[in-house]
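Inside the fold
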Amino acid sequence: MTLSRVLRVSALLFLFFAAISLVSLGVGAIAIAPQDVLSALLGVLAGQEPSAPEDLILFSVRLPRILFAGVVGASLSAGGVIFQALLRNPLADPFVLGISGGSALGAILAIVIGASAFYLGLPFLAFIGALATVFLVFVVAGGPRGVLLDNSLLLAGVVVNSFFSAAILFALSVVDSLELHSISFWLMGDLSRASLPEIGGAALCLVACFAVLYAQARKLNLIVQGEETALQLGVNVRATKYLLLAATSLVIAVAVSFAGIIGFIGIMVPHMMRLVYGSDHRLLLPAAALFGASFLVAADTAARTVLAPSELPVGVITALCGAPYFIFLMRRKERR
Amino acid sequence: MTPLLSANHLTFSYTDRPVLDDVSFEIDRASIVAVIGPNGSGKTTLLKILNATLEPAAGSLVLSGRDTKRWSRREIARTVAIVPQEIPAVFPFFAEEIVLMGRFPYLRSLAFEDRTDYRIAREAMEQTDCLAFAHRRFTELSAGERQRVLIARALAQEPQILLLDESTVFLDLKHQARFLSLLHRLNRERQMTVIFVTHDINLAAQNAHRLLLLYNGKKYAIGTPADVLTAQTLKEVYDVAVGIDQNPHDGSPRVTLLT
């Protein structure tokens, strides 16, 4: 692996993200031609005030939503890569393991007990929920001497997930709060409600955590060879693992606390990127983040257009593609 | 002269039953040592303590005059390399990528492998005859090919001590012969110390300068093959009757099972 390859691939995938976003900007109840989108964008970049009614849709509705979808998609995909590496299981992802669910429960708890009124109260409890779930999954699925068994891992995820869904539904039925939005927001994900400061916060958190994760990328390559092997090749496995789990939980918690639970993207995207670019995390991690961003923008565009004028939760789209993909991966794995 | 490695009263247990019980020995620089003993006698555990994968419950391991507790992970990985038994591969890395991982302890944390690293990895792959499948996926290789890749990875660590855990089991005759002559060459030319675990007593007798015989977690004997391999010892440790004569090709003791 060379730095120039990483930069080339990242640039390519960033262009892909830009192209998808450009298309997505023009699609919707009011269609805007790509050249008009471009000229409006260029105009704003040149310092002009947006004036036309189309511009309002572009800049205050669609653009924030697309940026948010990008941030959330990148967060969930990068999170998937890390969990798959740490658990040595290509089927692990924040949603399947129940970590998104735990995070959502933490966020809802924050609303219920009133902690969301405090600055960062909601994301903080979402983070605690995510961390607690990570811990739970490792305890439930951990065999003797830290060996994780494939099936027990997925089983632990199923159990943890259904418990959290029940707890979320319970919280929603006892609490009648305007802040709780709709049920579908927490259970299926929704990218339309984030405010600009929230998007900025999530983006900052993603960039910071991604830097931490990327610094460990080469160690991850060794950890997927087995923790003992990594140790023998000079990796301080325990410290690396805790750092990665904390940074990943934070990224997932922020994404979930603003966007709800969006499933399967953390499995599909890393798997596709592994097929195309191989398993080296120095390339896989940025590739998955950038492609994940594009993927969720595309999925969200579909969510807001297929049944226009009404909208689907974006999690419906990702689950509709993701669940069959998951089954396909599982069958292929068993045949080996 | 201080020995390269000295194990002092090593004790280890996974549960209540000790796997290693008060094992002490010394190993000189540039020697080839075979660790033998019946199943469950603590051979693999001993290897894992020798590269600090496991920490002994009691006792200490002194490497080049310094207790391994005071070595960093990276320092140990630059000095001691192990070729493990079989590891399950989950993600499809290329064989060359696996070998390059042996360079990890030499690289700064954000650095990419440079030309020197690639050269060392290529040399290691040449020595173990894996260049032909450098760009195939590790998961698709046969057991013997995988083993050669793992040997190359250990060589890429440029260790002073090479630990081998049953590393010839999956190799065919040709690659066994190549591997053994490679070990002797590394030992001669680079003063590499080789410590290998094996069940093949004749392989041990022919290739090692010294044998360490473990029995129920205890050191039963250490010494030259001729000293250690006596009919009486093998009767006591393995509970088998053997005949011992001299190998006509190299003069090493030759053990024949009498059934």
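Residues numbered from 1 in each chain as written. Chains lettered and ligands numbered in written order. Predicted model: local features only at pLDDT ≥ 70, side-chain atom pairs only at ≥ 80, totals over all residues.

**Section: the overall build of chain B**
In terms of regular secondary structure, chain B is built from 9 helices and 12 strands. The C-alpha radius of gyration of chain B comes to 19 Å, within 12% of the 18 Å expected for a compact globule of 259 residues. Pairs at least 24 residues apart make up 67% of the contacts formed inside chain B by residues separated by at least 6 positions. (Helix = DSSP H or I, 4+ residues; strand = E, 2+ residues; numbered from the N terminus. Rg over C-alpha atoms; globule rule 2.2 N^0.38 Å. Contact = placed C-beta atoms within 7 Å.)

**Looking at the packing of helix α3 (residues 53–87) of chain A against helix α13 (residues 281–305) of chain A**
Residues and elements named next belong to chain A. Where α3 meets α13, the axes come as close as 7 Å, and the angle between the chain directions of the two elements is 140°. When the axes of α3 and α13 are compared, the pair comes out oblique. For the pair α3 and α13, the crossing hand works out as right-handed. Along the lines of polarity and charge, the residues of the contact of α3 with α13 split into 18 nonpolar, 5 polar and 2 charged. (Axes fitted to C-alpha atoms, helices over the stretch in contact; angles between N-to-C directions. Parallel < 35°, antiparallel > 145°, perpendicular 65-115°, else oblique. Left-handed = near helix turned anticlockwise from the far one by under 90°. Nonpolar A, V, L, I, M, F, W, Y, C, P; charged D, E, K, R; others polar.)

**With respect to the sheet that holds strand β7 (residues 161–165) of chain B**
All names here are of chain B. The 6 strands lie next to each other as β6-β7-β8-β3-β9-β10, forming an open sheet whose pairing is mixed. The two strands at the open ends of the sheet, each matched to only one other strand, are β6 (80–83) and β10 (218–223). On average, each strand axis in the sheet is inclined to that of its neighbour by 15°, with strand direction left out of account. Note that β7 and strand β8 (residues 193–197) share 5 bridges and pair parallel. The residue of β8 that forms the bridge with Leu-163 is Ile-195. The strands that helix α5 (residues 143–156) touches are β6 and β7; relative to β6, the one it contacts most, it runs at about 180°. (Pairing = 2+ DSSP bridges.)

**Considering the nonpolar core**
With 179 residues, the main nonpolar core has Val72(A), Val251(A), Ala255(A), Ala288(A), Val99(B) and Leu163(B) as its most contacted residues. With 17 residues, the top contributor of residues to this core is α3(A). Discounting chain neighbours no more than four positions away, the residues touching Leu163(B) are Leu47(B), Leu50(B), Asn51(B), Val80(B), Ala81(B), Ile82(B) and Ile195(B). (Core = buried A, V, L, I, M, F, W, Y, C linked by C-beta atoms within 7 Å. Buried ≥ 20, exposed ≤ 12 C-beta atoms within 10 Å, placed from the backbone.)

**Overview of the interface of chain B and chain A**
Each partner contributes to the interface: chain B provides 21 residues, whereas chain A provides 24 residues. Looking at the side of chain B that touches chain A, the element that brings in the most residues is helix α2 (residues 73–79) of chain B, giving 3 residues. Along the lines of polarity and charge, the residues of the side of chain B that touches chain A split into 14 nonpolar, 4 polar and 3 charged.

**As for unusual backbone geometry**
Residue and element names in this part refer to chain B. One non-glycine residue with positive phi stands out, namely Glu-158, at about 45°. Within the fold, Glu-158 resides in the loop between α5 and β7. Classification of Glu-158 as partly exposed rests on a count of 17 C-beta atoms within 10 Å. Non-glycine residue Gln-191 carries a positive phi angle of around 55°. In this structure, Gln-191 sits in the loop between α6 (173–189) and β8. Residue Gln-191 is classed as exposed on the basis of its 12 C-beta neighbours within 10 Å.

**Quick word on the pairing of β10(B)**
Residue and element names in this part refer to chain B. Two strands pair when backbone bridges link them, and strand β9 (residues 210–215) and β10 are joined in this way by 5 bridges, in the antiparallel orientation. By the bridge assignment, Tyr-215 is partnered in β10 with Lys-218. The turn joining β9 and β10, which pair antiparallel and follow one another in sequence, is formed by 2 residues; a positive phi near 50° is taken by Asn-216.

**A word on the confidence of the model for chain A**
Averaged over every residue, the pLDDT of chain A is 86; residues scoring 70 or more account for 92%. Mean pLDDT per element in chain A: helix α7 (residues 183–188) of chain A is the minimum at 69, and α13(A) is the maximum at 96. (pLDDT = per-residue confidence, 0-100.)

**Regarding helix α2 (residues 34–45) of chain A**
Over its 12 residues, α2(A) runs 16 Å from end to end, which matches the ideal 16 Å to within 8%, given 1.5 Å per residue. Immediately beyond the C-terminal end of α2(A), within one or two residues, lies Gly47(A), with a positive phi of roughly 105°. (Expected span 1.5 Å × (residues − 1).)

**Comments concerning the packing of α3(A) against helix α8 (residues 196–215) of chain A**
All names here are of chain A. In contact at an axis separation of 10 Å, α3 and α8 are set at 30° when each is read in the N-to-C sense. Judged by the angle between their axes, α3 and α8 are roughly parallel. Two packed elements cross with a definite hand, and for α3 against α8 that hand is left-handed. Contacts between α3 and α8 involve Pro-64, Leu-67, Phe-68, Val-71, Ala-74, Ser-75, Ala-78 and Ile-82 on the former and, on the latter, Leu-196, Ile-199, Ala-202, Ala-203, Leu-206, Phe-210 and Leu-213. A breakdown of the residues in the contact of α3 with α8 according to their chemical character gives 14 nonpolar, 1 polar and no charged.

**Some thoughts on the pairing of strand β1 (residues 5–12) of chain B**
Residues and elements named next belong to chain B. Pairing of β1 with strand β2 (residues 20–27), which is carried by 5 bridges, proceeds in the antiparallel orientation. Each bridged residue has a counterpart across the sheet, and for Leu-5 the counterpart in β2 is Ile-27. Pairing analysis gives 5 bridges linking β1 to strand β4 (residues 58–63), with the strands arranged antiparallel. When the bridges of β4 are listed, Asn-8 appears paired with Ser-60.

**Some points on the environment of Leu191(A)**
All names here are of chain A. If you trace the backbone, Leu-191 turns up in the loop between α7 and α8. Using a count of 30 C-beta atoms within 10 Å as the deciding quantity, one classes Leu-191 as buried. Remark: the alpha-carbon pair of Leu-191 and Ala-303, spanning 112 residues in sequence, is separated by 9.9 Å. Excluding residues that lie within four positions of it along the chain, Leu-191 makes contacts with Arg-65, Phe-68, Ala-69, Val-72, Ala-259, Asp-300 and Val-314.

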